[in-house]
There are 4 protein chains.
Amino acid sequence: MPRYGFLDDYSEGVHPTVIEALSRTNLSQQKAYSNDEFCEDARRLIRDKINAPGATIHLVPSGTAANLISIASCLRPYEAIIAAPSGHIATKESGAIESTGHKIIITEPTADGKLTPEKVGTAFNQNSLFAHQAKPRMVYISNATEMGTVYTRSELAALSTACRSLDLLLLMDGARLGAALTCPKNDMSLNDIYNLTDVFWIGGTKNGALLGEAVVIKDQSLGQSFPYHMKQRGALLAKGRILGIQFVTLFNNDLFFRLARHANDTAAKISTSLVSLGFKLWAQTETNQVFPVLPPALVRELQKNFDFHIWEHLQDGSLVIRLVTGWATEMEAVERFCALAYAWTKRSREGYTTMEKL
Amino acid sequence: MPRYGFLDDYSEGVHPTVIEALSRTNLSQQKAYSNDEFCEDARRLIRDKINAPGATIHLVPSGTAANLISIASCLRPYEAIIAAPSGHIATKESGAIESTGHKIIITEPTADGKLTPEKVGTAFNQNSLFAHQAKPRMVYISNATEMGTVYTRSELAALSTACRSLDLLLLMDGARLGAALTCPKNDMSLNDIYNLTDVFWIGGTKNGALLGEAVVIKDQSLGQSFPYHMKQRGALLAKGRILGIQFVTLFNNDLFFRLARHANDTAAKISTSLVSLGFKLWAQTETNQVFPVLPPALVRELQKNFDFHIWEHLQDGSLVIRLVTGWATEMEAVERFCALAYAWTKRSREGYTTMEKL
Amino acid sequence: MPRYGFLDDYSEGVHPTVIEALSRTNLSQQKAYSNDEFCEDARRLIRDKINAPGATIHLVPSGTAANLISIASCLRPYEAIIAAPSGHIATKESGAIESTGHKIIITEPTADGKLTPEKVGTAFNQNSLFAHQAKPRMVYISNATEMGTVYTRSELAALSTACRSLDLLLLMDGARLGAALTCPKNDMSLNDIYNLTDVFWIGGTKNGALLGEAVVIKDQSLGQSFPYHMKQRGALLAKGRILGIQFVTLFNNDLFFRLARHANDTAAKISTSLVSLGFKLWAQTETNQVFPVLPPALVRELQKNFDFHIWEHLQDGSLVIRLVTGWATEMEAVERFCALAYAWTKRSREGYTTMEKL
Amino acid sequence: MPRYGFLDDYSEGVHPTVIEALSRTNLSQQKAYSNDEFCEDARRLIRDKINAPGATIHLVPSGTAANLISIASCLRPYEAIIAAPSGHIATKESGAIESTGHKIIITEPTADGKLTPEKVGTAFNQNSLFAHQAKPRMVYISNATEMGTVYTRSELAALSTACRSLDLLLLMDGARLGAALTCPKNDMSLNDIYNLTDVFWIGGTKNGALLGEAVVIKDQSLGQSFPYHMKQRGALLAKGRILGIQFVTLFNNDLFFRLARHANDTAAKISTSLVSLGFKLWAQTETNQVFPVLPPALVRELQKNFDFHIWEHLQDGSLVIRLVTGWATEMEAVERFCALAYAWTKRSREGYTTMEKL
């Protein structure tokens, strides 16, 4: 049985139709720096999908680039951004935001990775006492969150209202926006997100692209200055066509959403299976990340054939692991995983029962 | 006759064998963030080619990223980098170096885009008077230069010696290093460059890759810290494999060098042809950039069928244009270009002669 | 009865002998930028006091300047500094550290404002998982802390050992170092602090100077580069003499320590008095800051004649106020304050007793 | 004969009435961070003097702080500032502006240190080609310039008009604004400067203060955010009173202007005297800096009794020296200097004449 990985949603390459598109368009001479016709098409397709003719869209090579450029573009030097303790920018980007000069204000911990008007309000108040504090000016959220949970429309609307009343901009990191928008719990459209945020981005890397994220900007003047920001940060690719071709391919015929749905489905299968065996979840499985709480012996057994991250060591000795599925996850591998968990659990409980009897 | 472009060396996609390699490796599960086996292979291949087993090699998505990360990695906050007025970092990167906090000290103008020990020495002396000046600590050169010229081994050795005597690091921007190393005038190996510089990078984007530059670092401790710098600047791709696969493909069987040679050959053809028609060159054609000085009427004629940049308006009314060839430049298009120039020139001179006679 | 302020330790000007010194030296022509003879004398005096002939000492105009320059000087771009949630750099400097590009990693909360090897170790481990986290490289502590507490020699030694074992530099913010070194609990000398830290600074502004802090640097190469850092940050005063004259005056005949002792004594008087009336303290009074927990009615009564900050609203309705004394605090004002508290408390309890009886 | 210095205009302390004022106000308890009554008074006095009731005024400790905070406050990250090659920010501030992330675009050389609409226009055009260049957004001038020259009203008006037509802000560095406004050539008022610039600052350090510059800001929203910028850069002094007291003293009864006039008068005396001896000037003496071109032997003679900087070594062997006078320059020392130059010149010419005769 070959090893299989649930480490993340970027272990494989790119959806094959993207490679076909790269091949087909390869020798066409195009303008550089995302002024090519594929980027034009991609921007138009995405604007249509959002139903926002006035939106400015820019394609950048990485999620960290999307975040750091968006934040540095929106803030004055002394302004700060509010994020949850689990926010990607706060913990997993090597200080990228701070390297642009901006403070990240961390809110009180959240159980599910989501910010609320209350948490934002508290962080705002504690940091608005006087000019000796970096001034809160933006709120950062991820959808899906780093824990795989999603915002409902009413949750995002409440957050949006709170931000506007406090003169805070709202930025949504959409590294896994595909998964969020296609999960059963979702009740939002791209248009809702466009209306309720100031800047958001649609992640390609984690949903079938080789690289690339599409930043969607409402403010026209900010949108126009973005190419400067991108060039300055090393994020304006000479052959921007590679980004355009991918987004055109992904947004044609809703491939993007079909890929995301597959990721969610395979995650749901794993989650349901483990729950039916009696295991708890550390966070609800709403999208393509599963965080089961498992006994160490089962984890060791699974590690013989599967790769995944151990996420937390709980005080009772059990382990939280993280299983991530993606557009390329094979359902057959998922089934093998579930079967192994089932077999171990059955064996283990029989043993236990036997011992009990004795 | 279809239009054809000599705007730059990044108007087309990628060498087809790269697309084949992407396709072939696509579904293999790989570690993220350039820890995959392709990146490993690429680094090993490049190290072998340089003959530098101790070199650290990191792959980044763009030339600006390569420059800004290299410079920010090497300098203390108050240290500055010396560059020629034509240096890419000084004029074409939207203040990317300054955005990392570092001053670029501009030397006296150079006729050919190359720095000399004298020019570096003068800039160093004028900026080493006291602590009220940013302290020179690094020298930036490009090879090939922005004017298409190349350094000889003795020129680079002299510069290297000068830098060491002044405690200056030497960085070589190799966006067009392929062209430099395969041009007739070149007498250097990659190993020479490794020994004579502190950091240099090998450009993929302008020589057959979709994106990607390989930064070569001598200092071990600097090399080890590079992943932090890359992540922090948004330049650590989740699917770093795309960079690895490309460099593996390009450095196998010296494809990289064959592509560069083709670019040089097509440029030489254009250059020779125009010179034989009696036109002057604004800069010697040593690699894949040609800067002929042409009469406006000829430029207008050429523009009917070809795209290129007008580079300078000279005082006598003539124009400097820039023609760039690349790995994908079609020799047939080059021939059409030369034929058009020849026809116009002949016609024009006959007319002139006729008029003269009258 | 005139109003009197316990808002902070910088409400008054400067010790009168400093004004005399400014007047006496005023027309002497001196070299600029802290190359004058007074700065020379100040540096020598402080080095003698520390008993560290090899120490480099630089005088800067403000505490925030001392912190931001020290931190930016020591760290590489991707490196971070660990601080307590109450650390001045984390909450009261408008993002000054982040504006230099560096992340502040916040430890678990501390009851007394002090860091321990455990807290540092936990923060270090949680931020050393991989290159996607800003790399911890320095620890920031204040002595006295923002809560008025001080480190003992053994506490600092333990922290120093922990830092060295984790390859972390240790920076001590000494805005109130005078108060720390002269308080009853202190068992450290300046020499101890020099040996146990990498950089520390001696605060003038909060202990009798108009402005100015003396940064003490062990590493010679760092020390030599400091003037560049200072100039670059706008912290190299043309008439650096003003800093030199003040530190010479303050370190002659231990005036600096006598002033600090007076601040501590007046704070102790207030603290003892309130404790004897039965009020609790939110933090131990170890130096010149007192944090009593008082009923709102008493706070209102005190506010009629005194200025101070309300620090916290506790859940039981009582208030934490902050009273700060300084070199210029008048003992007579302290006595008036204590008398007012005594009178109100007595009155209030009698009333209560009377009501009880009914 | 005691040595005397013409090195700069900050070799002495502060005008004695400032020391008196410091002494008189010393024990008054005041609000911190420039919220004290002296700063209030200073701001009001300066606003009155400018005749600009809507101006926001902030006091900062150094000229570099004034420049870096003003520039960082006005620009977006990718925007650049245009300056003359001799501009203070370009050459004498250790990369302070670049450390805030902004590029300085250097214009063509100027003979007199002054920018013109043409020079600004050329620099603007060369840097407005596309998003690969830092975008020009502000122009920096000094008045008096680094060469001691001043702008006339019509020159400044022309520059202002040019800036507005190119959407460029105009910043005037007024480190020596006192000297500029009181020199014979000046035909501008503070109100003119306020109307023709966007931000300017009035230098205290070089005209009778110990430290301190008053930044004058027209834009209300920028003005309100300035305290954040100041705190973040370490330029918000706890005892801001020291700045307030000095500016109140200097702007009462026009002391500021009388001091500047004295500096100009002593410089004029030196300049006239040397010119009358037949020596040339490297730059016109318009304010308090004199740049005579002298033979090395005279320079050596003068160095026996006077300190000054050698500014340039000219190709014919002669030297440009810089003599700076200030508020505290003693007319008696000036006379000694002139007498020495006269005596040497006379002696030297007699010798020469004698030799000629032979």
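Residues numbered from 1 in each chain as written. Chains lettered and ligands numbered in written order. Predicted model: local features only at pLDDT ≥ 70, side-chain atom pairs only at ≥ 80, totals over all residues. Heavy atoms only, no water.

- The heading Sequence similarities (unreviewed entry) in the UniProt record of chain A holds the text "Belongs to the threonine aldolase family."
- Under the heading Cofactor (unreviewed entry), UniProt records this for chain A: "pyridoxal 5'-phosphate". (UniProt positions renumbered as here; feature names shortened; annotations may be inferred.)

A look at the relation of the copies chain C and chain B
Move 1: Superposition of chain C onto chain B requires a rotation of 180° combined with a translation of 0.0 Å along the rotation axis, giving an RMSD of 0.0 Å. These values place the two chain copies in the arrangement generated by a two-fold rotation axis. Relative to the rotation axis, the C-alpha of Arg76 of chain C is the closest in chain C, positioned 3.8 Å from it.
Move 2: Both copies share a contact surface, since 100% of the interface residues of chain C are interface residues in chain B too. (Least-squares fit on C-alpha atoms with pLDDT ≥ 70 in both. Contact = heavy atoms within 4.5 Å.)

Description of the interface of chain D and chain C
Move 1: At the junction of the two partners, chain D supplies 49 residues and chain C supplies 48 residues.
Move 2: Summing both sides of the interface, chain D and chain C together bury roughly 3,900 Å²; the carbon and sulfur share of this comes to 56%.
Move 3: At the junction of chain D and chain C, the tally comes to 0 salt bridges.
Move 4: In this assembly, chain D and chain C are joined by 26 residue pairs in polar contact (both at pLDDT 80 or more).
Move 5: Taken together, the elements giving at least two residues each to the side of chain D that touches chain C come down to strand S1 (4-5), helix H1 (16-25), helix H3 (63-74), helix H5 (96-99), helix H10 (220-232) and helix H11 (241-251) of chain D.
Move 6: Top element by residues in the side of chain D that touches chain C is H1 of chain D. It accounts for 4 residues. (Buried area = accessible area lost by both parts, 1.4 Å probe. Salt bridge = Lys/Arg side-chain N within 4 Å of Asp/Glu carboxyl O. Polar contact = N/O pair within 3.5 Å; in protein donor to acceptor, adjacent residues only side chain to side chain. Helix = DSSP H or I, 4+ residues; strand = E, 2+ residues; numbered from the N terminus.)

Some thoughts on the interface of chain C and chain B
Move 1: Listed per partner, the contact involves 22 residues of chain C and 22 residues of chain B.
Move 2: Together, the buried faces of chain C and chain B total about 1,800 Å²; carbon and sulfur atoms form 60% of this surface.
Move 3: Summed over the three residues of chain C that lose the most area to chain B, namely Tyr78, His132 and Tyr228 of chain C, the buried surface amounts to 38% of that side.
Move 4: The interface formed by chain C and chain B holds 4 residue pairs in polar contact (both at pLDDT 80 or more) in total.
Move 5: Top element by residues in the side of chain C that touches chain B is helix H10 (residues 220-232) of chain C. It accounts for 6 residues.
Move 6: A class-by-class count of the residues in the side of chain C that touches chain B yields 11 nonpolar, 7 polar and 4 charged. (Nonpolar A, V, L, I, M, F, W, Y, C, P; charged D, E, K, R; others polar.)

Comments concerning the packing of helix H1 (residues 16-25) of chain A against helix H1 (residues 16-25) of chain B
Move 1: Between H1 of chain A and H1 of chain B, the shortest axis-to-axis distance is 10 Å and the interhelical angle comes to 170°. Comparing the axis directions of H1 of chain A and H1 of chain B gives the class roughly antiparallel. For the pair H1 of chain A and H1 of chain B, contact is made by Ile19, Leu22 and Ser23 of chain A and by Ile19, Leu22 and Ser23 of chain B, respectively.
Move 2: Split by residue class, the contact of H1 of chain A with H1 of chain B holds 4 nonpolar, 2 polar and no charged. (Axes fitted to C-alpha atoms, helices over the stretch in contact; angles between N-to-C directions. Parallel < 35°, antiparallel > 145°, perpendicular 65-115°, else oblique.)

Quick word on the sheet that holds strand S10 (residues 289-294) of chain A
Residues and elements named next belong to chain A.
Move 1: Sheet architecture is open: 4 strands sit in the order S9-S10-S13-S12, paired in antiparallel fashion. Both edges of this open sheet fall to strand S9 (280-283) and strand S12 (309-313), since each of them pairs with a single strand only. Strand-to-strand twist of the sheet, defined as the mean angle between neighbouring strand axes without regard to direction, takes the value 35°.
Move 2: With 3 bridges connecting them, S9 and S10 associate as antiparallel partners. Bridge pairing in S10 links Lys280 to Val293.
Move 3: Those strands touched by helix H12 (residues 255-276) are S9, S10 and strand S13 (319-324), and its axis lies near 20° from that of S10.
Move 4: Docked against the sheet, helix H13 (residues 296-303) engages S10, S12 and S13, running at close to 130° with respect to S10. (Pairing = 2+ DSSP bridges.)

Topic: the pairing of strand S2 (residues 56-60) of chain C
Residues and elements named next belong to chain C.
Move 1: In terms of burial, S2 is a largely internal element, 5 of the 5 residues being buried.
Move 2: With burial as the criterion, each face of S2 is covered, one bearing Thr56, His58 and Val60 and the other bearing Ile57 and Leu59.
Move 3: Here S2 pairs with strand S8 (residues 213-217) via 5 bridges, running antiparallel. By the bridge assignment, Leu59 is partnered in S8 with Ala214. (Buried < 20%, exposed > 50% of the residue type's maximum accessible area, 1.4 Å probe, protein only.)

A closer look at the packing of helix H2 (residues 37-50) of chain A against helix H11 (residues 241-251) of chain A
Residue and element names in this part refer to chain A.
Move 1: At a closest axis distance of 7 Å, the pairing of H2 and H11 adopts a crossing angle of 40°. Compared by their axis directions, H2 and H11 come out oblique. Along this stretch, H2 crosses H11, giving a crossing that reads as left-handed. Facing H2, whose interface residues are Phe38, Cys39, Asp41, Ala42, Leu45, Ile46 and Lys49, H11 presents Arg241, Gly244, Ile245, Phe247, Val248 and Phe251.
Move 2: For the contact of H2 with H11, the residue count by class is 9 nonpolar, 1 polar and 3 charged. (Left-handed = near helix turned anticlockwise from the far one by under 90°.)

A short note on unusual backbone geometry
Move 1: Looking along the chain, the bond that leaves Asn143 of chain A and enters Ala144 of chain A is cis, with omega of -10°.
Move 2: Here the phi dihedral of Asn253 of chain C falls at roughly 55°; this positive angle occurs in a residue that is not glycine.
Move 3: Tracing the sequence through the fold places Asn253 of chain C in the loop between helix H11 (241-251) and helix H12 (255-276).
Move 4: Using a relative accessible area of 65% as the deciding quantity, one classes Asn253 of chain C as exposed.
Move 5: We note that Asp254 of chain D has phi near 60°; this positive angle belongs to a residue other than glycine.
Move 6: If you trace the backbone, Asp254 of chain D turns up in the loop between H11 and helix H12 (255-276).

Examining the domain arrangement of chain A
Residue and element names in this part refer to chain A.
Move 1: According to the domain assignment, chain A consists of domain 1 (4-9 + 256-357) and domain 2 (16-253).
Move 2: At the interface, 20 residues of domain 1 touch 30 residues of domain 2.
Move 3: Between domain 1 and domain 2, roughly 2,000 Å² of surface is buried when both sides are summed, and carbon and sulfur atoms account for 56% of that area.
Move 4: Among the residues of domain 1 in contact with domain 2, Phe256, Phe257 and Glu286 are the three that bury the most area, contributing 37% of the side total.
Move 5: Where domain 1 touches domain 2, the interface holds 2 salt bridges.
Move 6: Between Lys185 and Glu286 there is a salt bridge, with its nearest N and O atoms 3.1 Å apart.
Move 7: The tally of links between domain 1 and domain 2 comes to 10 residue pairs in polar contact (both at pLDDT 80 or more).
Move 8: Secondary-structure elements contributing two or more residues to the side of domain 1 that touches domain 2 are H12, S9, S10 and S13.
Move 9: Per-element tally for the side of domain 1 that touches domain 2: the top contributor is H12, with 7 residues.
Move 10: Here the side of domain 1 that touches domain 2 is composed, by residue class, of 10 nonpolar, 5 polar and 5 charged. (Domains from an automatic or database assignment.)

Description of helix H3 (residues 63-74) of chain B
Move 1: Spanning 12 residues, H3 of chain B covers 17 Å between terminal C-alpha atoms, matching the ideal 16 Å at 1.5 Å per step.
Move 2: Across the 12 residues that make up H3 of chain B, a large majority, 12, are buried. (Expected span 1.5 Å × (residues − 1).)

Side note on helix H7 (residues 153-165) of chain C
Residues and elements named next belong to chain C.
Move 1: Counted at 1.5 Å a residue, the expected span for H7 with its 13 residues is 18 Å, and the 18 Å between its end C-alpha atoms agrees.
Move 2: Turning to H7, its buried residues are Leu156, Ala157, Leu159, Ser160, Ala162 and Cys163.
Move 3: Considering only its buried residues, H7 is in contact with helix H6 (117-126), strand S5 (135-142), strand S6 (169-173) and helix H9 (190-196).
Move 4: Asp167 lies just past H7 and shows a positive phi near 60°.

Re the environment of Tyr140 of chain A
All names here are of chain A.
Move 1: Here Tyr140 shows up in strand S5 (residues 135-142).
Move 2: Of the residues examined, Tyr140 reaches a relative accessible area of 1% and is grouped as buried.
Move 3: As for Tyr140 and Ser160, which are separated by 20 residues in sequence, their C-alpha atoms are 11 Å apart.
Move 4: Beyond its immediate chain neighbours, meaning those up to four positions away, Tyr140 contacts Asn67, Ile81, Ile82, Ala83, Gly87, His88, Ile89, Leu115, Glu146, Leu171 and Asp173.
Move 5: A polar atom in the side chain of Tyr140 sits 2.5 Å from the side chain of Asp173.

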